[in-house]
Amino acid sequence: MSIGNLAQLAPSIQLLLELSDDRLILGHRLSQWCGHGPMLEEDIALSNIALDLIGHAANGLEIVANAGSDVGAGANSETADSLAFLRDGKDFRNIHLVELPNGDFAFTMLRQFLFDSYNVELLKILMDANNHGSEILAGWAAKCHKEDLYHLRHSSNWVLRLGDGTAVSHNFMQEALNLLWRYTAELKLPSEALLGTLGSNAIKLESAKTTWQKLVTETLTQATLMIPKDRQAFANGGRRGLHTEHLSHLLSTMQVLPRAFPGAQW
Amino acid sequence: MSEIIWEVFVQAAGGEPHEHAGSVHAADKEMALQSARDVYARRGKIVNMWVVKASDISSTEPADRPSFFEPGDDKAYRHPSFYAVPRGMKGF
């Protein structure tokens, strides 16, 4: 499926591609913790969340693939698998935040907290079909929202405990915040697809952003962390296929098997 | 992080007893619930969960067994086995 053909898809389907790509890439990142978690319980928790996110992506990409076949967007009909494993980096629509390498545990958890907290608010808007007229998108969003609520509980608990923990854990968390904060600009930036999907209801994104800002500020303050004032966003091309180098490296690992052995089964 | 062991009890349906599922390591009760959820509830069929600090559980010692439990073994008249259980009664 080429980018040109994607433009023929309804905005709500393009939005599903963007949000599914976020979850596929973040899910893959979390899966890289499997066997490396700081303790057995957390190792299982991270793998559970990875599986949740990859499941959301699989559902979303399947909807996108079916919609693509309907408008003849691909010579061969696309599937969720082909979209995940045979697409090149420039055709991925995820934000930069999710493709960054995992860093340390504090970095992974803070990234998760920022992602979860904003997505819980965004999905609240999308799970109401009255806001955009797509029952399919609303259904997908509702399933994601339910699981994201737990992810948020998990990630915010870690942010609080590491931020307000020992001097060492605090420093790891503060350093993670210094590195990650600039990526939240793109997280909150509405894409063309999101604006097109919501139409006049796009105004609701403003209250979502306000709620997010309040929750994040409260949590980070309680965690005794300081939001950096001098770390401003410098790039935001993820939704247009402009990525950091990290995505290519991630895809080379994630896609190597289906590309080397097309149609492999086990 | 100070590691505390928590015993995990899970309930399969409303009204059922909470049954011991295993244990987790966690620094506090909220994290213990979270770990317990991830370790013991990931395959479904659970409606409620308790976590209890293992150190807060009072337990008998193996040495207590003769004086604690064995006296009941040979007093069959105390066993509730002489009553006909009404038909349809389960979980008795």
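Residues numbered from 1 in each chain as written. Chains lettered and ligands numbered in written order. Predicted model: local features only at pLDDT ≥ 70, side-chain atom pairs only at ≥ 80, totals over all residues.

A. Region of interest: the overall build of chain B. Helix and strand content of chain B: 3 helices and 3 strands. Counting helices and strands in the order they occur from the N terminus, chain B gives β-β-α-β-α-α. Against the compact-globule benchmark of 12 Å for 92 residues, chain B has a radius of gyration of 18 Å, which places it well outside the compact range. For chain B, the spread of C-alpha atoms along the principal axes amounts to about 55 × 40 × 15 Å. Relative to its 92 residues, chain B shows a buried fraction of 15%. (Helix = DSSP H or I, 4+ residues; strand = E, 2+ residues; numbered from the N terminus. Rg over C-alpha atoms; globule rule 2.2 N^0.38 Å. Buried ≥ 20, exposed ≤ 12 C-beta atoms within 10 Å, placed from the backbone.)

B. Structural detail: the packing of helix α6 (residues 105-126) of chain A against helix α8 (residues 167-180) of chain A. Residue and element names in this part refer to chain A. Look at α6 against α8: their axes get within 9 Å of each other, and the N-to-C directions meet at 50°. Considered as vectors, α6 and α8 are oriented oblique to each other. With respect to the hand of their crossing, α6 and α8 are arranged in right-handed fashion. On α8, the residues that touch Ala106, Phe107, Leu110, Arg111 and Leu114 of α6 are Ser169, Phe172, Met173, Ala176, Leu177, Leu179 and Leu180. (Axes fitted to C-alpha atoms, helices over the stretch in contact; angles between N-to-C directions. Parallel < 35°, antiparallel > 145°, perpendicular 65-115°, else oblique. Left-handed = near helix turned anticlockwise from the far one by under 90°. Contact = placed C-beta atoms within 7 Å.)

C. Structural detail: the nonpolar core. Grouped together as the largest cluster of nonpolar side chains are 68 residues, with contacts concentrated most on Leu16, Val64, Leu110 and Met173 of chain A. Once you skip the residues sitting within four places of it in the chain, Met173 of chain A turns out to touch Ala106, Leu110, Val159, Leu162, Gly163, Ala223 and Leu225 of chain A. Core analysis: the second largest hydrophobic core is formed by 10 residues, Trp6, Val24, Leu33 and Val51 of chain B among them. (Core = buried A, V, L, I, M, F, W, Y, C linked by C-beta atoms within 7 Å.)

D. Up close: helix α2 (residues 11-31) of chain A. For α2 of chain A, which comprises 21 residues, the first-to-last C-alpha distance of 30 Å matches the rise-based estimate of 30 Å (1.5 Å per residue) to within 8%. A large share of α2 of chain A lies buried, amounting to 19 of its 21 residues. (Expected span 1.5 Å × (residues − 1).)

E. Region of interest: the interface of chain A and chain B. Chain A puts 8 residues into the contact, and the matching count from chain B is 11 residues. Only α3 (40-70) and α7 (135-163) of chain A provide two or more residues apiece to the side of chain A that touches chain B. It is α3 of chain A that contributes the most residues to the side of chain A that touches chain B, 4 residues altogether.

F. Representation of the sheet that holds strand β2 (residues 19-26) of chain B in the model. Residues and elements named next belong to chain B. Across the sheet, which stays open at both edges, the 3 strands sit in the order β2-β1-β3 with antiparallel pairing between neighbours. Every interior strand has two partners, whereas the edge strands, β2 and β3 (48-53), have only one. The sheet shows a mean angle of 30° between the axes of neighbouring strands, taken without regard to direction. Bridge count for strand β1 (residues 4-11) against β3 is 6 bridges, and the pairing is antiparallel. (Pairing = 2+ DSSP bridges.)

G. The arrangement of the environment of Asn94 of chain A in detail. Residue and element names in this part refer to chain A. Looking at where Asn94 falls in the secondary structure, it is placed in the loop between α4 (80-85) and α5 (96-99). Taking C-alpha positions, Asn94 is 21 Å from Pro258, a pair spaced 164 residues apart along the chain. Sequence-distant contacts of Asn94, defined by excluding residues within four places in its chain, comprise Asp21, Asp22, Ile25, Glu99 and Gly238.

H. Representation of the pairing of β1 of chain B within the structure. Direction of pairing for β1 of chain B relative to β2 of chain B: antiparallel, over a ladder of 7 bridges. Note that in β2 of chain B the partner of Val8 of chain B across the bridge is Gly22 of chain B.

I. Looking closely at the confidence of the model for chain B. Here chain B averages 87 in pLDDT, and 96% of its residues register 70 or above. Interface scoring of the predicted complex returns ipTM 0.74; its pTM is 0.88. (pLDDT = per-residue confidence, 0-100.)

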